[in-house]
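One letter stands for each residue in the lines below.
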Amino acid sequence: MRAEQTARLACKHLDVEVEIAEELRGGRFDAVALAAGRGDVLLVGHEPDFSNAIADLTGGRVKLRKGGIACVEENLLHALLRPKDLRSIAAI
């Protein structure tokens, strides 16, 4: 429920519709398959599922924190922002 609320909040500000994917309700998922044919996507879900997905995509081991954001393009991790990083950016 919290992940869906987060997705709705983010999508409202991005002016895009929320699409609920059962694959993100818990457990490993295929991010490439979920994003296929959709262009740029924002996936919102739970840990450790997202840290595992980042590892699957990039080969890197990361620890995504609750409320964190990872920016991945193809097999490259561009950014890993923890909540404290996001608060710093929002304060600017």
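Structural data are supplied above this passage.
Anyway, here's the lowdown on the structure attached to this text. Predicted, not measured: the structure shown is a model, and the values here were computed from it.

Using the criterion set out here, one finds one aromatic pair in the structure. Consider the rings of phenylalanine 29 and phenylalanine 50, whose centres lie 5.0 Å apart with planes at 50°: the pair is tilted. Residue phenylalanine 29 is found in the loop between α1 (2-14) and α2 (31-35), and its partner phenylalanine 50 is found in helix α3 (residues 49-58); the two are separated by 21 residues along the sequence. Of the two residues examined, phenylalanine 29 and phenylalanine 50, each falls in the buried class.

Here the structure, examined in full by the defined rule, presents four salt bridges. Between glutamate 19 and arginine 38 there is a salt bridge, and its shortest N-O distance comes to 2.6 Å. Linking glutamate 19 in the loop between α1 and α2 with arginine 38 in the loop between α2 and α3, this pair joins segments that are 19 residues apart in sequence. Overall, the relative accessible area of 54% leaves glutamate 19 in the exposed class. Take arginine 38: its relative accessible area is 41%, and that puts it in the partly exposed class. With its nearest N and O atoms 3.2 Å apart, the salt bridge here joins arginine 25 to glutamate 22.

Okay, the environment of glycine 45 next. On the secondary structure map, glycine 45 appears in the loop between α2 and α3. With relative accessibility at 30%, the residue glycine 45 sits in the partly exposed group. Beyond its immediate chain neighbours, meaning those up to four positions away, glycine 45 contacts Ala3, Leu24 and Phe50.

Cis rather than trans, the peptide bond between glutamate 47 and proline 48 has omega equal to 5°. Within the element layout of this structure, proline 48 appears in the loop between α2 and α3. One non-glycine residue, aspartate 15, lies in positive phi territory at about 60°. Among the secondary structure elements, aspartate 15 is positioned in the loop between α1 and α2. Despite not being glycine, glutamate 74 shows a phi value in the positive range, around 55°. Relative to the helices and strands, glutamate 74 resides in the loop between β1 (69-73) and β2 (76-81). Classification of glutamate 74 as exposed rests on a relative accessible area of 68%.

What counts and how
Residues numbered from 1 in each chain as written. Predicted model: local features only at pLDDT ≥ 70, side-chain atom pairs only at ≥ 80, totals over all residues. Heavy atoms only, no water. Phe/Tyr/Trp six-rings, centres within 6.5 Å; stacked < 30°, edge-to-face > 60°. Helix = DSSP H or I, 4+ residues; strand = E, 2+ residues; numbered from the N terminus. Buried < 20%, exposed > 50% of the residue type's maximum accessible area, 1.4 Å probe, protein only. Salt bridge = Lys/Arg side-chain N within 4 Å of Asp/Glu carboxyl O. Contact = heavy atoms within 4.5 Å.

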